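# Inside the fold
Residue-level listing of the chains:
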Amino acid sequence: PDAGWRIRILEVHRTENQLAVISRLEQTATEAAATISTVSDSVQIPDPGVELPVVHFVTGKTWDWGESEGYRFIKSIDGLRPQLEQAERLYPSR
């Protein structure tokens, strides 16, 4: 909703049919320009050897402007933990 936000990739996991990217939105400033802005982050992961669809799970969203294609806004990563424990963790490496 304003320029005072950033996104940080916390984890990347590979299942047999997708890459799951877990990120956190964080507000970095108490006052920021009231303009709609875009944020991004990137990490390097090993080549999975096959092209997989990427699903982004994002925590920290505080506004209710609906969903964005390719992104799933979640309250907590806790509900995903059982599935992620069955996946290969690519970032950060263990």
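By convention here, each chain's residues receive numbers from 1 onward along its written sequence. For a predicted model such as this one, the threshold for reporting local features is a pLDDT of at least 70, and the threshold for listing and counting side-chain atom pairs is 80 or more; totals across whole chains, interfaces and linings nevertheless cover every residue. Side-chain descriptors were evaluated using all non-hydrogen atoms of the structure, hydrogens and water having been removed beforehand.

Let us now look at the sheet that holds strand β5 (residues 88-91). The pairing criterion for strands is at least two bridges between them, as found by DSSP. Labels follow the DSSP assignment, with helices taken as runs of H or I lasting at least four residues and strands as runs of E lasting at least two, numbered in each case from the N terminus. What the 5 strands build is an open sheet, ordered β4-β3-β2-β1-β5; its pairing is mixed. Across the chains shown, the open sheet's two edge strands, defined by having one partner strand only, are β4 (71-73) and β5. If you compare each strand with its neighbour and ignore which way they point, the axes differ by 30° on average. With 9 bridges joining them, strand β1 (residues 5-14) and strand β2 (residues 19-27) adopt antiparallel strand pairing. Its bridge partner lying in β2, Glu 11 is registered against Ile 22. Note on geometry: axes are lines fitted to C-alpha atoms, helical ones only across the stretch in contact, with angles between N-to-C directions running from 0 to 180 degrees.

Further remarks concern the pattern of salt bridges. Here a salt bridge means any side-chain nitrogen of Lys or Arg lying within 4 Å of a carboxyl oxygen belonging to Asp or Glu. The final tally for this structure, using the stated rule, is 4 salt bridges. Note that Arg 6 is salt-bridged to Glu 26, the shortest N-O span being 2.9 Å. Here the residue Arg 6 occupies a position in strand β1, and Glu 26 occupies one in strand β2, the gap between them amounting to 20 residues. Exposure categories follow from relative accessible area, calculated using a 1.4 Å probe and restricted to protein chains: below 20% of the type maximum is buried, above 50% is exposed, and the middle band is partly exposed. We classify Arg 6 as partly exposed; its relative accessible area is 42%. The residue Arg 8 makes a salt bridge to Glu 26 at a minimum N-O spacing of 3.1 Å. Taken together, the positions of Arg 8 in strand β1 and Glu 26 in strand β2 put the pair 18 residues apart, joining distant regions of the chain. With a relative accessible area of 35%, Arg 8 lands in the partly exposed category. The structure contains a network of salt bridges with shared partners spanning Arg 6, Arg 8 and Glu 26.

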